Amino acid sequence: MLGKILVKDIMPNPIKTEATVVSITPHGKGVYTVTMKPKGRTPRFKAGQFLHLSVDNYDPAGGFWPESRVFSIASPPGIETLSIIYSVKGSYTKKMEEALKPGLIVWLKLPYGEFIIDSCIHDRQDVVLIAGGTGVSPYIPYLEDLCSSERPKCIGRTVLYYGARLRSFILFPELITRCLNGVEGFQADIYIENETLDGLTVPGARIQGGRLSIDNIHNESKDLNDPVFFLSGPPAMIKCFKQQLIEKGIALCNIKIDEWE
Amino acid sequence: MGVIIVPKTENELREEIAALVGEYFSVKFKDKSFIAGTTPVHYAGRVFDEKELQSLVDSSLDFWLTSGRYSQEFEELFCEFTGAEYAFLVNSGSSANLVAFASLMSPLLGERALKRGDEVISVAAGFPTTLNPVIQNGMIPVFVDVEIGTYNINPEELKKAIGPKTKAIFLAHTLGNPYNLDVVIELVKKHDLWLIEDCCDALGSKYKGKMVGSFGHIATCSFYPAHHITMGEGGCVFTNDDTLARAARAIRDWGRDCYCSGGESNTCGKRFSAQYGTLPKGYDHKYVYSHIGYNLKVTDMQAAIGVEQMKKLPFFIERRKENFRLLTEGFSKWPELFVLPRATEGSDPSWFAYPVTVKEGVGFTRTELTDYLNNHLVETRNLFGGNLLRQPAYMGIEHRVAPGGLGSTDRIMNDTFFLGVYPGLSRAQIEYTIMAIGHYIAMVKNGAK
């Protein structure tokens, strides 16, 4: 069809689908990556969007969707499987931890969400990705796309600030290294809050102890071209970082947050 | 001893009902014998088997009624078939045209949105609901003449018709025959126009190896019983464009910004926390309207029929092509009397019908021939509205006619008709049709008319 127009607010037609759990990768202390294979065609989505997952049975003939939780899609578009990363924090994620096993059928509905990086930036604007813990999930498909040979190269720079409590919570280090090696201008700063840095290797990345700091991020972003700041992580972090960015004079239109009620 | 009756499960009951429905089908619908001169030869009709009936009943047992699991399945199958990124079921092809056109007026498009007073190029030799959304939305249709034989827009006249106010082209692939998309797309790009492909009569037609509907910005289809597949009433809007898809869905669903399906709430996770227009922050997203819309959804029962019809579509298309070929073979003996249909160069039509134009001075008129055929139980149809500008509803509309005039359009109004090629037609019915035409021609030649 004739040329597409990029705008915000993209989720024209979400669908519900059964999916089989293919694998569960534990990252320690209740953090998991779950990979699922949808029945039939894998629904299309855009990097940054999220899905609803229910471990309860859903009767499509009955219509009413059971209790579910939302998770950013942590796998790139265009492949057969869908992945999410979750951290056990409440009763539902506890239930997920107990129930999810390879071979289990779950119900998904997707895609949702407007946290689509490509749709939020103009030509040549630079991108600052700020991730707290599993908040890195929505950036994974974007980073995969950045590394892709099909990606147009006429884009701005991307800088990733990624903080986690423990070393084992730094997910997809090989992807970060691929970006550092293959994407012009890409930079990654990794912060470990509660452990020493011993043994953590992400070649090319700057690794340091302590927490993500908006002061540092803001200072380092001064050389960037009209950067857009993306915030993903725990709600308290998002709220606090957003407020700090506003106080530093960043226009609201250049702050994008991945938040749900 | 008492007998213990174990209640049947829902699935067991569904299976029993499905089996009964299959049995019912074979009693009610199976007999399709044709008796020449007694059984009508329809120009179109539903072609189905027990699967459609079973699917319809299965959906009715859900009693979900509004769009649901079958609607989703249909939209997925439709996307797979057409290669479109997004498909939205609506309740008719006319609604599809309305939604597609209204999507081009979406505020999401900013400066590129169509506005009142813009000109939209179309043809007058067609179906009214390709034109109606243009008029209803306060735009000015520009009518371009068509070619006899392809019955599509004349590409040379199209080039001359584009003016400074022209913003869109809205054309149907007439009776399944794709128009010259090379020329149309070239003009669309050159003049930065929107292109809406009305594929209501052309599901499965290809141009240079690509499905029609995949060339323009947005496209439409119809599933009325006369069409390639049916769900009774139904239609579809399809596009690859994210923005137009968002607009189309909103316009179909009351104009609301929310995209929750029936029975769902807060799928966006921001139902009570976002800011829209000048509404108070947190105003319920379910009742936020970002477009001027309608409710044009289908019921799930219609979609359930459509799911089974989609599975038969490749077979239907082949049957239509074969019937077209048989009619061409039959008509080939009268080259001096009729202009036969001609596929646009580079196209592979999934024909809706077999259009024929009676040549001038042959001793009979179109209407005399079609009256004869009608009296001998062979249905024909005129090429829809003929020249729409001569229809009562359109005589006073604001419009422009392209410099070349509408000579061929008037000729079609007077001299063209079409016969059916639908997959329910048998070889015997087509042979009878050709025979009936032959008899009429013989009568004319013998002066017995």
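Up top is the structure these notes are about.
Quick notes on the rules
- Residues numbered from 1 in each chain as written.
- Chains lettered and ligands numbered in written order.
- Predicted model: local features only at pLDDT ≥ 70, side-chain atom pairs only at ≥ 80, totals over all residues.
- Heavy atoms only, no water.
- Contact = heavy atoms within 4.5 Å.
- Buried area = accessible area lost by both parts, 1.4 Å probe.
- Salt bridge = Lys/Arg side-chain N within 4 Å of Asp/Glu carboxyl O.
- Polar contact = N/O pair within 3.5 Å; in protein donor to acceptor, adjacent residues only side chain to side chain.
- Helix = DSSP H or I, 4+ residues; strand = E, 2+ residues; numbered from the N terminus.
- Nonpolar A, V, L, I, M, F, W, Y, C, P; charged D, E, K, R; others polar.

Let us now look at the interface of chain B and chain A. It is common to report an interface's size as the accessible area lost on association of the parts. Taken together, the contact pairs 47 residues of chain B with 30 residues of chain A. Taking both sides of the interface into account, the surface hidden between chain B and chain A amounts to around 3,500 Å²; carbon and sulfur atoms contribute 52%. On the chain B side of the interface with chain A, the three residues burying the most area are Asp242, Arg246 and Tyr259 of chain B, jointly 16% of the side's total. Along the contact surface separating chain B from chain A lie two salt bridges. Taking the shortest distance from any N to any O, the salt bridge between Lys46 of chain A and Asp242 of chain B comes out at 3.1 Å. Taken together, the connections running from chain B to chain A amount to three residue pairs in polar contact (both at pLDDT 80 or more). Listed by contribution, the elements that provide at least two residues to the side of chain B that touches chain A are helix H3 (69-82), strand S1 (86-90), helix H7 (181-191), strand S5 (194-198), strand S9 (235-239) and helix H8 (242-252) of chain B. Here the side of chain B that touches chain A takes six residues from H3 of chain B, the largest share from any one element. Here the side of chain B that touches chain A is composed, by residue class, of 18 nonpolar, 14 polar and 15 charged.

So, about the environment of Cys253 of chain A. Relative to the helices and strands, Cys253 of chain A resides in the loop between helix H6 (235-247) and strand S12 (255-257). For the pair Cys253 of chain A and Thr177 of chain A, spaced 76 residues apart in sequence, the C-alpha separation works out to 30 Å.

Here Ser83 of chain A is to be found in strand S5 (residues 82-87). Leave out the neighbours within four places in its chain, and Ser83 of chain A touches Thr33, Val34, Thr35, Ser72, Ile73, Ala74 and Ser75 of chain A.

Residue and element names in this part refer to chain B. The full count for this structure, using the stated rule, is 38 salt bridges over all chains. When the shortest N-O distance is used, the salt bridge between Asp192 and Arg112 registers 3.5 Å. On the criterion of sequence distance, the pair formed by Asp192 in the loop between H7 and S5 and Arg112 in the loop between helix H4 (93-103) and strand S2 (119-122) is long-range, its members being 80 residues apart. One network of salt bridges, with partners in common, ties together Glu10, Arg14, Asp58, Asp62 and Arg69.

Limitation: the analysis is restricted to geometry and does not speak to function.
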